Amino acid sequence: MLPDKIPILEPSSDLGIRPFKSKLTAFFICTFADDEPYRELFAAFRDFPEICLEVTGNYDGALDHSEIENLPSNVKLLGFVSNRCYIDHLFNCDFTIILTNQEFTLNCGAYESLAARKPMLLSDTKTIRSYFTFGANYIKSDSLEGVRAGVRSIKSELALRENEITDQLPLMEFAWEEMFAATDAMFMN
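Here goes a summary of the coordinates provided. (Residues numbered from 1 in each chain as written. Predicted model: local features only at pLDDT ≥ 70, side-chain atom pairs only at ≥ 80, totals over all residues. Heavy atoms only, no water.)

## Notes on the pattern of salt bridges
Note the threshold: Here, a salt bridge means any Lys or Arg side-chain nitrogen found within 4 Å of an Asp or Glu carboxyl oxygen. To sort residues, take the accessible area from a 1.4 Å probe on protein chains only and compare it with the maximum for the residue type: under 20% means buried, over 50% means exposed, and anything in between is partly exposed. In DSSP terms, a helix is any run of H or I states spanning at least four residues, a strand is any run of E spanning at least two, and both are numbered starting from the N terminus.
This model, assessed by the stated rule, comprises 10 salt bridges. Here aspartate 124 and arginine 129 are joined by a salt bridge, their closest N and O atoms 2.4 Å apart. Residue classification places arginine 129 among the partly exposed residues on the basis of a relative accessible area of 41%. As a salt-bridge pair, arginine 161 and glutamate 164 come within 2.6 Å of each other at their nearest N and O atoms. Residue arginine 161 and its partner glutamate 164 are located together in helix α7 (residues 158-188), separated by three residues, close to a single helical turn.

Dropping the structure here:
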């Protein structure tokens, strides 16, 4: 009935400097679930050495030793990180990537990306497109070329997506408050 509210997130006061400050940094919010096309994304990043891809999530059991050894040099597996570390990486990146091949799914990482005012590369599903209507480029993750095209598009449109978030996020938050009030009133009567 009611989608998640955009959370309130704050970075650490000692947010530190990016390890690859001369590169763009993409933050891939991943759980290594079957519906996430992480292998395709890793393969695509061979073509983007100018972007550092930081990846959250417990990859143990999802990737074998040879896959880890053969990752592109610009892909950094962070593993499962603490909440504080996650939020700091979120605020320290240039854009986020949140992917699912599953319809009827809204990923928490997208809400968190908006809270951090970060442009997003999201899966091109009807559900995601209908709710995240600004601040995002969409990726057809069913092919390597689709993934490459998505990364190229977000890279070239970062400033546009940042401006959309600045302009549209207050309206989204206001609309959520109205939906909450209507839902609350419905259950109070």
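## Focus: the packing of aromatic side chains
Put simply, the rule is: Pairing of aromatic side chains requires ring centres within 6.5 Å, counting the rings of Phe and Tyr and the six-membered ring of Trp. Pairs whose planes differ by under 30 degrees are stacked, by over 60 edge-to-face, and all others tilted.
Scanning the model with the defined rule gives 10 aromatic pairs in all. For the ring pair tyrosine 111 and phenylalanine 132, a centre distance of 5.2 Å and an interplane angle of 75° mean the geometry is edge-to-face. Of this pair, tyrosine 111 sits in helix α4 (residues 108-115) while phenylalanine 132 is found in the loop between α5 (126-131) and β6 (136-139), placing the two residues 21 residues apart along the sequence. Residue class for tyrosine 111 comes out buried when judged on its relative accessible area of 3%.

## Some thoughts on the environment of alanine 175
In this structure, alanine 175 sits in helix α7. Look at alanine 175 and you get partly exposed, because its relative accessible area is 32%. Alanine 175 sits 20 residues away from lysine 155 along the chain, and the two C-alpha atoms are 29 Å apart.

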